[in-house]
Structures are given as structure tokens and as C-alpha cells.
Amino acid sequence: MTSGFGLGLRTQHYNDFLAEPQPVDWLEVISDNYMVEGGKPLVMLDKIRANYPMVMHGVSMSIGSINGLDKEYLRKLKILEQRVEPMWVSDHLCWSGVHGRNLHDLLPLPYTQEALAVVTRNVEQAQEVLQRPLVLENVSSYVEYEQSEMTEWEFLREVYKATGCRLLLDINNIYVSSFNHGFSPIKFIEGVPVESVTQFHLAGHLNNGDHLIDTHDHPVCDDVWDLYRHALLHFGYVPTMIERDDNIPSLPELIAELDVARAIANDVLNKKIAL
Amino acid sequence: MKLAELQNDFQHALFDTECKGVDWISESARGLSARDRLDIYYNAYRIRLIDVLLDTFAHTAIYLGDDWFNQLAGDYVQTHPSIHKNIGLYGKDFPCFLAEQLPEDKEISELALMDWKLRRAFDGADSAVMIQDDLQQLASEGSSIYLQPVPTLTMCTQHFNTLDIWNAINQGQTPPVVEPLPEPIDILIWRKGYSPHFRSLARIESVAIACVCSGGALEAIGAVLEKDFPDVDVAIEFGVMLHRWLDEEIISI
Ligand SMILES: [Fe+2]
């Protein structure tokens, strides 16, 4: 029940993974970092892939862009997918720039029927190239739009229903957005179809008092661990990973944090069975 | 408001010279105002791109110091929207930008170009490299030999003691005072194994490598060198160079 706990592969930990087996069930790689022509990144990727299952996680697809997807990006992503043979391929439910410009950020979409149609069209384009369901992650956000017609979780549900894509729920992002916009994170979790979720992210954030920033440079906080418990109760077991992008600690420290996730999942899911 | 208009307006708001309020972001009953919320994205855009420049142009940043570098990087971000999916390519025009901004301090753009080219070599295309046996095999076949540089091989020309400045910074030492060189020198940059490498080139070697890169046969390169360097024993010089190129893994197969 507690298999399936992963970490994001970071360059700082290459040598740890090459030196000896680590108690990590799988690794998530940032696709964009390996969509390069050659050199050390791809050599390390191949060596580590030989010993660990992997999932691919992208940051630049811009699935909500009105302009549609970048064909060259999809082509390179497909080449990497064939190299890695990942369990699944994910990106974010957001947009990152239009008209050939890149903002290099995960900008939220308005939750409208029009945006749903755009995302549906783009997800279909990606799935056509990848020949597998795309997995989409909810982002942390700091703005909401006047024109939104539904909640974020309703929008996620509609995207799933329209495209057959899967969802990566970032528990920290749910927490951050719920704090910033004043919605119930429990309602969010309960609004997402159980069968749609393929992966959880757990991460830390920065608390600025009147708002939270999704920095991925802190350990997971107690409120997010609590929300993870709720998510486990609702979804059952889902492959889970700790996502740390900045202020990256030693691998043993991250593995200790992953062990907390394992223990919580064990505890919650055993109790759930007992009920 | 249609999605196309919203995305266009949002992007413009981030590119603007200051963060102005917009009417399509909800005013929330709690926390930050709509403008302050937009400001999070406005600042994050700048910080993220300046960080990328800092990472790519690490030696240039140390040479300039934090304040000056951040000011120049901020000006670059304001005037150069990213056109790359790969954020690592964002600094492509930064060396040129520095040359325009600092016409009196050309060593700075030379330093930046060196940082840029070394970074590009890091994850440039792979290729199998030629070894002595391969060359001997080709020679024994009797036909003309064409050498192909490894895909990461590139050159840059320096008019100042930029290489010494780069090396000093790289070793954590105080860089020497900038000085113009009596003659410009060419710097060869390529990747050997996992690591970007570089070294300065003597004039004759620079000409030889330029010939290799433009696809000349071995005999033709020899002829060019004999014409350009009449005082040099080209047969010996060229043999030494070839040997070194193979050792340094700059010729692909
Ligand atoms: Fe995440």
C-alpha cells in the first residue's frame, strides 16, 4: 500500500542516485531540463533511468494558450518520452504566454466554457502526439478573474470529462490557492473525481501573512500534511512525491520527508480499511 | 472579455514598464488588492529572468558586481521579451546588449559571450570523436580526408585580456586590470566528455580550424596554411595540431 513514493530528480542528487540504491520508488524529471541536444543531462538521465521508474513533468506546454500548442515543443517532448518510457507525462493546467512570447510562469486560466474549449482542443493535440493521456496539474494562483463561470475544481472535472486526461493534484497548490482566494480546500478535493487522479505533489510554500507564495523551497507544512490526509481519505492511495525546486536539501533529508508521507498514507489508509 | 483578449492584456501588463491596475482581476474581500495580486506575477517574471541571466553569465555578474549586473539584467528583461520555450536560451542576445550599453567597456561583452558559449557547449549535441586509429585508417584508404568538428565547437575573438579576467574570476581571484591586446586572439570552445573546455589559439591554428569548419580537405588546409604562413614549416606544425585536436576530442567521426 505504501509503494509508489517518489522524488523530483535534481542535479544536486545525481551522485547519490548513482552511488547506491535509494529508498525512492520512482523519480519525476522536469521534461524541459532534458529536452536538450546532448551532454551530461541526458547521460545522467539514462544512467539513473536504468535503476528507477520515472514520470515526466513539464513546465512549458502552455496547455491553455489561445494560440494552440507549439508543434516543435511537442515533437521534442515525444522524443524524450520515447527515450524515458515514463509511467506518465504531466504538465500544468495554465498558460505561459501567447503570440510567440514566453512568460516562463504558470498563469491561471479563467474558468469559463470558452477556456474549457481551448484547453480541450490543446489537450487533444498533445494526446494525439504523445499517444497517451496527458496528466495535468492544478497550479497555485494569486489572481482570480471577473469572468470565471465555475470553480477551479469544476473546471478540472470538466477538462477530465472532455478529454480523458488525468490529473496531478498538487496538495500544496490547493492549499495556497484556497488561502489566497478564500475557498475551502476540502471542497476542492471532494469536487475532483476519484478515478481522475494519477499523482499527488507535496511541497512547501512561503507564508507572507496575508497571502501565500508557492516557492517549493520549504518543507511541507502541517496544514498541507492535514490536507494530504483528507486527500488520501477521498482518493485512496495515489502515487505521491515531494517537490522541492529551491533551497534543495540533502537527499537523506528529502527521503526523511518522504517517509513522513509514507507513514501518513499507511496510517490513513489502514484506518480507512478498518472502517 | 474573450480569452484571447485576457491573455493578450495579461501579457502586456507583465511587459509594461510599471505594474498598473487592471479591471479583469477580481477584487477579493480578503488579502491583497487586485493590483497587488498582479504585482506578484509582474515581479516574479522579472526575478525569474534576471536569475536565469545570473546563472548563465556567472563570471560576468561577478565582474560587474551585484548592483550593476542587476541593473543591466533588469534593463535587458524590460526590453527583451522571451521568445524561447527553453528558459536557458533567454540570454542569447545579452552579450550584444552589453556591447551596445557599454561601448567603452568591451571586455564585459567579451566576458559575457564566453560565459554564453561555454554554457551552450554544456548541453550541445553529442557525437563520436575521432581517434588516431580512425585517422590512420582514413589515410590508408588514400582518398582526400575531410575533418568534421564536434557539434559543440565554436570560437570567439577577444580584443582585451578577457581570458585572464575570466580565469581570475573562475579561481576566485581579483581580476587583472583590463588591457587591450596587441593583437586580437581567438578562443576555441567545445565540450570534452561532460565538461565545456576552452583555450586560446595561435593565429595559424585559428586559420586551420576555420578551414576545418568550412569543410576543406586536409591537403587544401595545408595549402592555405603554406600560403598564409610562408615562414612556418607547415607539414610539422599541422601534424602537431592534428595530434592535439584528436587528443582534445574536437574532431568528430
Ligand atoms: Fe507541483
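Residues numbered from 1 in each chain as written. Chains lettered and ligands numbered in written order. Predicted model: local features only at pLDDT ≥ 70, side-chain atom pairs only at ≥ 80, totals over all residues. Heavy atoms only, no water.

### Considering the sheet that holds strand S2 (residues 26–30) of chain A
Residues and elements named next belong to chain A.
Alright, step 1. Taken together, eight strands build a closed barrel; the order of strands is S1-S2-S3-S4-S5-S6-S7-S10 and the barrel is parallel. Within the sheet, the average angular offset between the axes of one strand and its neighbour, ignoring direction, is 30°.
Alright, step 2. As judged from the four bridges shared by strand S4 (residues 89–92) and strand S5 (residues 134–137), these two strands associate in the parallel manner. Bridge assignment links Val89 to a residue of S5, and that residue is Leu134.
Alright, step 3. Helix H9 (residues 222–235) contacts strand S1 (5–8), strand S6 (166–170), strand S7 (197–202) and strand S10 (240–242) of the sheet and is inclined by roughly 170° relative to S7. (Pairing = 2+ DSSP bridges. Helix = DSSP H or I, 4+ residues; strand = E, 2+ residues; numbered from the N terminus. Axes fitted to C-alpha atoms, helices over the stretch in contact; angles between N-to-C directions. Contact = heavy atoms within 4.5 Å.)

### Some thoughts on the nonpolar core
Alright, step 1. Residues Phe155, Phe200 and Tyr228 of chain A together with Phe10 of chain B are the most contacted members of the largest nonpolar core, which totals 122 residues.
Alright, step 2. Looking at which element gives the most residues to this core, the answer is helix H2 (residues 34–56) of chain B, with ten residues.
Alright, step 3. When residues of this core are assigned to domains, at least three map to each of domain 1 (1–104) and domain 2 (106–253) of chain B.
Alright, step 4. Not counting chain neighbours up to four residues away, the residues in contact with Phe155 of chain A comprise Leu93, Leu109, Pro110, Tyr111, Thr112, Ala115, Leu116, Val119 and Met150 of chain A.
Alright, step 5. Membership of the second largest hydrophobic core comes to 27 residues, among which are Leu201, Ile209, Ile221 and Leu242 of chain B. (Core = buried A, V, L, I, M, F, W, Y, C linked by side-chain atoms within 4.5 Å. Buried < 20%, exposed > 50% of the residue type's maximum accessible area, 1.4 Å probe, protein only. Domains from an automatic or database assignment.)

### Looking at the coordination of the iron ion
Residue and element names in this part refer to chain A.
Alright, step 1. In this structure, Glu137 (OE), Asp170 (OD), His201 (ND1) and Glu243 (OE) serve as the protein donors to the iron ion, at separations of 1.9 to 2.3 Å.
Alright, step 2. Because the angles between the four donor atoms bound to the iron ion fall within 86 to 178°, the donor set is best described as irregular.
Alright, step 3. Sequence positions of the residues that donate to the iron ion give the spacing E-x32-D-x30-H-x41-E. With Asp170 in strand S6 and His201 in strand S7, this residue pair connects regions lying 31 residues apart in the sequence. (Donors = N, O, S within 2.8 Å, 3.2 Å for Na, K, Ca; no water. Tetrahedral: all angles 85-135°; square planar, octahedral: opposite > 155°, others 65-115°.)

### Focus: the domain arrangement of chain B
Residue and element names in this part refer to chain B.
Alright, step 1. Under the domain assignment, chain B is made up of domain 1 (1–104) and domain 2 (106–253).
Alright, step 2. Between domain 1 and domain 2, the C-alpha centre-to-centre distance is 36 Å.
Alright, step 3. Facing 20 residues of domain 1, the contacting portion of domain 2 comprises 17 residues.
Alright, step 4. Here domain 1 and domain 2 share an interface that buries about 1600 Å² over both sides, 67% of which is from carbon and sulfur atoms.
Alright, step 5. Viewed at the interface, domain 2 and domain 1 are joined by one salt bridge.
Alright, step 6. A salt bridge links Arg119 to Asp55, with the shortest nitrogen-to-oxygen separation between them at 3.0 Å.
Alright, step 7. Our count for the domain 1 to domain 2 interface comes out at eight residue pairs in polar contact (both at pLDDT 80 or more).
Alright, step 8. Looking at the side of domain 1 that touches domain 2, the elements with two or more residues in it are H2, helix H3 (58–64) and helix H5 (94–101).
Alright, step 9. Residues of the side of domain 1 that touches domain 2, tallied by class, amount to twelve nonpolar, five polar and three charged. (Buried area = accessible area lost by both parts, 1.4 Å probe. Salt bridge = Lys/Arg side-chain N within 4 Å of Asp/Glu carboxyl O. Polar contact = N/O pair within 3.5 Å; in protein donor to acceptor, adjacent residues only side chain to side chain. Nonpolar A, V, L, I, M, F, W, Y, C, P; charged D, E, K, R; others polar.)

### Notes on helix H11 (residues 234–247) of chain B
Residue and element names in this part refer to chain B.
Alright, step 1. Between its first and last C-alpha atoms H11 spans 20 Å; for 14 residues at 1.5 Å apiece the expected length is 20 Å, and the two agree.
Alright, step 2. Val234, Phe238, Met241, Leu242, Trp245 and Leu246 are the residues of H11 that are buried. Down the axis of H11, the smallest arc covering the buried residues is 130°, so these residues share one side. Exposed and oriented more than 90 degrees from the buried face of H11 are Ile236 and Val240.
Alright, step 3. Looking at the packing, one finds that the buried side of H11 touches helix H7 (132–141), strand S4 (195–201), helix H9 (203–213), helix H10 (218–228) and strand S5 (251–252). (Expected span 1.5 Å × (residues − 1). Arc of directions from axis to C-beta.)

### Details of the side chain of Asn172 of chain A
Residue and element names in this part refer to chain A.
Alright, step 1. On the secondary structure map, Asn172 appears in helix H7 (residues 171–181).
Alright, step 2. For Asn172, a relative accessible area of 0% corresponds to the buried category.
Alright, step 3. Within the structure, the side chain of Asn172 is placed 3.2 Å from the side chain of Asp214, a separation counted as a polar contact.
Alright, step 4. Once residues lying within four places of it in the same chain are set aside, the contact partners of Asn172 are His201, Ala203, Gly204, His205, Asp214, His216 and Val224.

### Digging into the pairing of S2 of chain A
All names here are of chain A.
Alright, step 1. Taking burial as the measure, the five residues of S2 include five buried ones, the bulk of the element.
Alright, step 2. Residues Trp26, Glu28 and Ile30 of S2 are buried on one face, and the alternating residues Leu27 and Val29, pointing to the opposite face, are buried as well.
Alright, step 3. Relative to S2, S1 runs parallel, the two sharing three bridges. Residue pairing for S2: Leu7 is matched across the bridge by Leu27.
Alright, step 4. Traced from S1 through helix H1 (residues 14–19) to S2, the parallel crossover comes out right-handed.
Alright, step 5. By the bridge criterion, four bridges tie S2 to strand S3 (residues 54–57) in an arrangement that is parallel. Bridging across to S3, Val29 finds its partner in Met56. (Right-handed = clockwise from strand over helix to strand, strands pointing away.)

### Section: the interface of chain B and chain A
Alright, step 1. Of the residues lining the interface, 41 residues belong to chain B; the matching set on chain A comes to 50 residues.
Alright, step 2. When chain B packs against chain A, close to 3900 Å² is buried across both sides, 58% of that on carbon and sulfur atoms.
Alright, step 3. In this structure, Lys2 of chain B and Glu114 of chain A form a salt bridge, with 3.9 Å as the shortest nitrogen-oxygen distance.
Alright, step 4. Scanning the region where chain B abuts chain A turns up 24 residue pairs in polar contact (both at pLDDT 80 or more).
Alright, step 5. Among the secondary structure elements, those contributing two or more residues to the side of chain B that touches chain A are helix H1 (3–15) and H2 of chain B.
Alright, step 6. It is H1 of chain B that provides the largest number of residues to the side of chain B that touches chain A, a total of nine residues.
Alright, step 7. Of the residues belonging to the side of chain B that touches chain A, the class tally is 22 nonpolar, nine polar and ten charged.

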